[in-house]
Amino acid sequence: MASSAYRNGNPKGAVKPLASNPKSSSFKSRPIPPGSAGRRSSTGSSAAADDGVPGRVRVAVRLRPRNAEELLADADFADCVELQPELKRLKLRKNNWDADTYEFDEVLTEFASQKRVYEVVAKPVVESVLDGYNGTVMAYGQTGTGKTFTLGRLGDDDTSARGIMVRAMEDILADISPDTDSVSVSYLQLYMETIQDLLDPANDNIAIVEDPKTGDVSLPGASLLEIRDQQSFVGLLRLGETHRIAANTKLNTESSRSHAILMVHVKRSVVGHEDTPLSGIDVSSHLVKPSKPLVRQSKLVLVDLAGSERLHKSGSEGHMLEEAKSINLSLSALGKCINALAENSAHVPVRDSKLTRLLRDSFGGTARTSLIVAIGPSPRHRGETTSTILFGQRAMKVENMLKIKEEFDYKSLSRKLEIQVDKLIAENERQQKAFDDEVERINQEAQHHISEVETNFAEALEKERIKCQIEYMESVKKLEEKIVMNQRDGFTSNKCNGEVAQFSVPEEIAELRKLLEDEIQLRKAAEEEANKLKGQLGQFMHSVV
């Protein structure tokens, strides 16, 4: 169901936004100067906005414009409050001649735009969450004063009317990296001291779990959905609003009967220091000293409290009466805790209500907290307006110890080392392949060279063999011719001198045999030379391979 503040419309008139508060590291804030956040008379001069206490709860007051009923019923009466935004003061009229003056961190008139409200109240908290701190933005006030309009307005028809929830998620999604960071949300309502899941109505009794060592509160039973884009987030808000319980009272036709709590979990990966190469290792090498991966897990809590109401004014009866009692009891428990923290009491009754247990880190814890107190102008509700203003004044005295939620990311380091090992393996394989390719190229060139040498040697050997054979044949032929001639000459001479012929023929034969043996020896020498060259060629091939 739509919340009551949706009926109030969109305040007009944009004002130049103030600069956001500077971020701080983990430290305990210094004490607030006495009287800096207390009730002041009309002569008070010092402002509480810039007191130099980064951990203090920041409180802004926002005035709702008169609605249609008040324009008629209170037409003859002045507003019960007078705002001085330039001095960050608010005057609460007691009567026509006397008023009490209060100072806040921000004073937002009925003309303040939704953008200005977000930038001066919530944006510093969102920036802290993105830096690793926990943060809380909460709206408190009487029913019908515009709390849900300030926080939960979706702005479907008018984007300028978007509330803090929508604008905060826009800034978060714009700042994170989708590859290394993640955002997830839970949307809950605290109804009659029962925590219910607005994204899963069947999950209507979620238990609170506290860490016995740190005291941190968690809700492991709540739905936790990851957000990838703004459209899906707005869809979840719309779904949650349909499940939120509301009722019609005399003060508000759509009065929220539960406290709505949106928890935004932001997980960001950061690097402890830059990568530095190991000593003795080339900078271009993949062997570098791994960086220190850290994970910052922060949480943004946006709380739209149900409005406080006086039963004789709201006209609640029956079950609505029980709802109103439960709302007032939880708000009363929250007020007691803030009073105890403001007075530095030794005991803070955080266990009196599930609301105070859920907001344990927001008041007196480690979160950066901003509170919006929403008030109306009607003099008929001066008592409720006074109570709301005093609640905000007490909250301004509460100090938190801001602390970054940071831890070592073992999974990220493991993934980074695995990637580095994969790179080294790939580089080694690349170098091995290049080496194998080079060896193959040299081997192929050697084989080609050897083939050429073998071919040239075979051709030269064959030519030498043919030449020797031709010379041998020619020598044999000449010898044969010479033998024939000698035989013919010997036969002729025998007729003249028989004894001389008998001794000349054997000598010729002996000479021929000697020549033949010389030719055989030359051929053997050539073959041995060829074998020697083959042996040298084999050794050359072995040395190349």
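Along each chain, numbering runs from 1 in the same order as the chain's sequence is written. Since the coordinates come from a predicted model, pLDDT governs what is reported: local features require at least 70, and pairs of side-chain atoms require 80 or more to be given and counted, while whole-chain, interface and lining totals use all residues. To get the side-chain values, all heavy atoms of the structure are used, and hydrogens and water are removed first.

**Considerations on the packing of aromatic side chains**
Applicable threshold: For Phe, Tyr and Trp, rings pair up if their centres lie within 6.5 Å, where Trp contributes its six-membered ring, and each pair is then called stacked (planes under 30 degrees apart), edge-to-face (over 60) or tilted (otherwise). Every helix listed is a DSSP run of H or I at least four residues long, and every strand listed is a run of E at least two residues long, numbered separately from the N terminus. Here's how the labels work: a residue is buried when its accessible area is under 20% of the maximum for its type, exposed when over 50%, partly exposed in between, all with a 1.4 Å probe on protein chains only.
For the structure shown, the criterion picks out one aromatic pair. Note on Y140 and F391: the rings are 3.8 Å apart at their centroids and 10 degrees apart in plane angle, and the pair reads as stacked. In this pair, Y140 is assigned in strand β7 (residues 135-141) and F391 in helix α9 (residues 382-395), connecting sequence segments 251 residues apart. Across the pair, exposure class does not vary: Y140 and F391 are buried alike.

**Remarks on the pattern of salt bridges**
Counted only if it meets this: Every case where a carboxyl oxygen of Asp or Glu lies within 4 Å of a side-chain nitrogen of Lys or Arg is listed as a salt bridge.
Taken as a whole and assessed by the stated rule, the structure comprises 24 salt bridges. Notably, a salt bridge pairs E106 with R116, separated by 3.9 Å at the nearest N-O pair. Of the two residues, E106 sits in strand β6 (residues 106-108) while R116 sits in helix α2 (residues 114-130), which places them 10 residues apart along the sequence. Take E106 and R116: they sit in the same class, and that class is buried. A single salt-bridge network, built from bridges that share partners, covers E210, R351, R357 and R360.

**Section: the pairing of strand β5 (residues 99-103)**
Stated formally: When DSSP locates at least two bridges between a pair of strands, those strands are taken to pair.
The element β5 is extensively covered by neighbouring structure, given that four of its five residues are classed as buried. In the sheet, strand β4 (residues 89-93) pairs with β5 via five bridges, with the strands oriented antiparallel. When the sheet's bridge partners are listed, K91 is paired in β5 with T101. Remark: five residues form the turn of the hairpin made by β4 and β5, two consecutive strands paired antiparallel.

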